[in-house]
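What follows is the residue order along each chain.
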Amino acid sequence: MRIKYYFNLKYRYYLFFMRLLLRNIFHIDHIIISVITMLVISLLVLVTVNLEFLNPVVYALEGFSMNDIYYRIQHSGTPQENQQITLVDMTELSSRDRDKIAHVVEQISSMEPAVLGVDIIFEGLKGNMEADEMLTEAFFAAPENTVLAYKLIDPEPATKTFGGAVHSFFAEDTHQTEGTTNVINSPRGSMNTYPTYFLQGKDTLYSFPVQVSRKMGTAIPQGKDFRINYKNTVFPVVKWNELEQHRDLIEGRIVLLGSTKEEADKHQTPLGQRPGMEILAYAILSVIEGDNITVAPFWIILLWALLAGWLTNVIDVTVTKRLEHSNSTFILFILKSNLFGRFVSFSILALFTYVSFVLFTKYNYELSSVLALSTSVLIGEGRLLYTAFLAVLKRKGFMIWKKSIYAETILK
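Residues numbered from 1 in each chain as written. Predicted model: local features only at pLDDT ≥ 70, side-chain atom pairs only at ≥ 80, totals over all residues. Heavy atoms only, no water.

1. Examining a negative patch on the surface
A surface patch of negative charge is lined by Asp99, Glu106, Glu130, Glu133 and Glu137. Those elements giving two or more residues to the negative patch turn out to be helix 5 (98-110) and helix 6 (129-141). Looking at the element boundaries, Asp99 is found in helix 5. Accessibility expressed as a relative area gives 33% for Asp99, which makes it partly exposed. (Patch = residues over 30% accessible without salt bridge, like charges linked within 9 Å, V, L, I, M, F, W, Y side chains within 5 Å. Areas by Shrake-Rupley, 256 points an atom, 1.4 Å probe, with all protein chains shown as cover. Salt bridge = Lys/Arg side-chain N within 4 Å of Asp/Glu carboxyl O. Lys, Arg positive; Asp, Glu negative; His and termini not counted. Charge placed at Lys NZ, Arg CZ, Asp CG, Glu CD. Helix = DSSP H or I, 4+ residues; strand = E, 2+ residues; numbered from the N terminus. Buried < 20%, exposed > 50% of the residue type's maximum accessible area, 1.4 Å probe, protein only.)

See the structure below:
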């Protein structure tokens with residue numbers, strides 16, 4: 001009988017403990033605190049945006065993206081040499097070396113690339129009629145799988161159109177396919193997207209990467225712009241005067257002709273400063289391989305942040321309650337110094353960043369964790385505001401505060 005009584009007592013104690021634990025884990029207080037924290041973050045963002053002296057903070061936030069971090073993590077490993085695209089660098093040649101450029105175009109064309117994309121705009125005649133004529137003839141004789149670059153100028157924001165365009169001087173004579181190299185990007189942010197097309201009246205003007213991809217038989221991406229996937233790959237670079245030694249890197253590949261070392265043509269990307277031609281290569285690869293990244297809708301981001309706040313508060317409160325009666329001086333120091341809370345936030349930070357990274361790298365799904373991480377870090381402030389609100393309710397005579405897991409805190 002004594003053994004049975006002892007077993008029943010132990011079982012009841014176990015059930016009581018489990019109920020208490022589940023009550024603490026799934027208590028509505030955790031959700032309320034998470035929502036309060038998210039509201040505080042929204043208020044801070046609103047204040048930051050509207051106060052002029054905090055503009056540097058706005059600029060920093062505008063340029064920050066979690067996928068920038070993910071791409072850098074990816075590229076920390078050993079990259080694979082790309083088997084589809086080759087860059088031909090002609091930085092050493094000036095705009096007056098059109099006879100040499102003509103010879104390069106002829107060489108590349110004779111090696112039968114899958115597509116030849118020319119990331120150079122030859123503006124106007126340069127006075128050397130023979131060289132200009134050679135260049136025109138080279139592109140006239142180039143196969144139909146050639147794409148020339150051009151740029152739209154004099155944008156008119158009111159109508160979202162352009163006043164003109166700059167083409168290579170021979171473009172109309174050769175009748176080669178052209179693609180725009182215009183980009184729309186924040187001057188403080190990195191280049192994460194590329195335009196699919198521009199609308200000019202009734203005309204649809206496709207971008208350079210899309211035109212090159214179409215020559216490969218690839219469907220046009222959905223939407224007015226597409227995400228660039230800076231996957232962990234490196235594009236082989238061949239110098240303009242070493243084509244014969246690297247015929248295997250030309251034949252059957254997409255070949256981009258342009259500059260890889262010109263400082264004026266470098267842009268900020270998630271991987272740091274990169275030449276424009278390399279960015280074009282990543283954009284073309286994204287379209288061809290269908291690596292367009294799906295961005296999580298805002299309601300998913302909110303639920304993700306709510307989960308981060310709930311999990312942070314649950315772990316912090318549950319473990320703290322278990323340890324606060326300990327006689328250990330070390331544990332007392334950890335709890336009173338709030339180091340444990342910071343450790344919990346850091347752990348949640350690492351966990352949510354890792355999950356987002358896996359979704360991004362394995363499934364091309366971008367789930368921004370900025371709000372989730374901010375909620376986890378600032379959950380303590382949300383908790384203070386909530387307990388202050390409960391204290392006010394207690395003073396006003398409302399008894400609802402007694403149902404809170406922080407009732408003991410209010411009594412103190």
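2. Regarding helix 12 (residues 339-363)
Given 3.6 residues per helical turn, the α-helix brings residues three or four places apart onto the same face. With 25 residues, helix 12 should reach 36 Å at 1.5 Å per residue; the first-to-last C-alpha distance of 36 Å fits that figure. Taken as a whole, helix 12 has its buried residues at Phe340, Gly341, Val344, Ser345, Ile348, Phe352, Thr353, Ser356, Phe357 and Phe360. Among the residues trailing helix 12, Asn364 stands out with phi positive, at a value near 55°. (Expected span 1.5 Å × (residues − 1).)

3. Digging into the pattern of salt bridges
Summed over all chains, the structure comprises 8 salt bridges. Here Asp132 ties to Arg98 by a salt bridge, and the two come within 2.9 Å at their closest N and O atoms. Here Arg98 lies in helix 5 and Asp132 lies in helix 6, a separation of 34 residues in the sequence. Each member of the pair Asp132 and Arg98 is classed as buried.

4. Details of the pairing of strand 9 (residues 203-206)
Two strands pair when backbone bridges link them, and strand 8 (residues 197-200) and strand 9 are joined in this way by 4 bridges, in the antiparallel orientation. If you follow Tyr197 over to strand 9, its bridge partner there is Tyr206. Here strand 8 folds back onto strand 9 in antiparallel fashion, the turn holding 2 residues, of which Gly201 has a positive phi close to 70°. (Pairing = 2+ DSSP bridges.)

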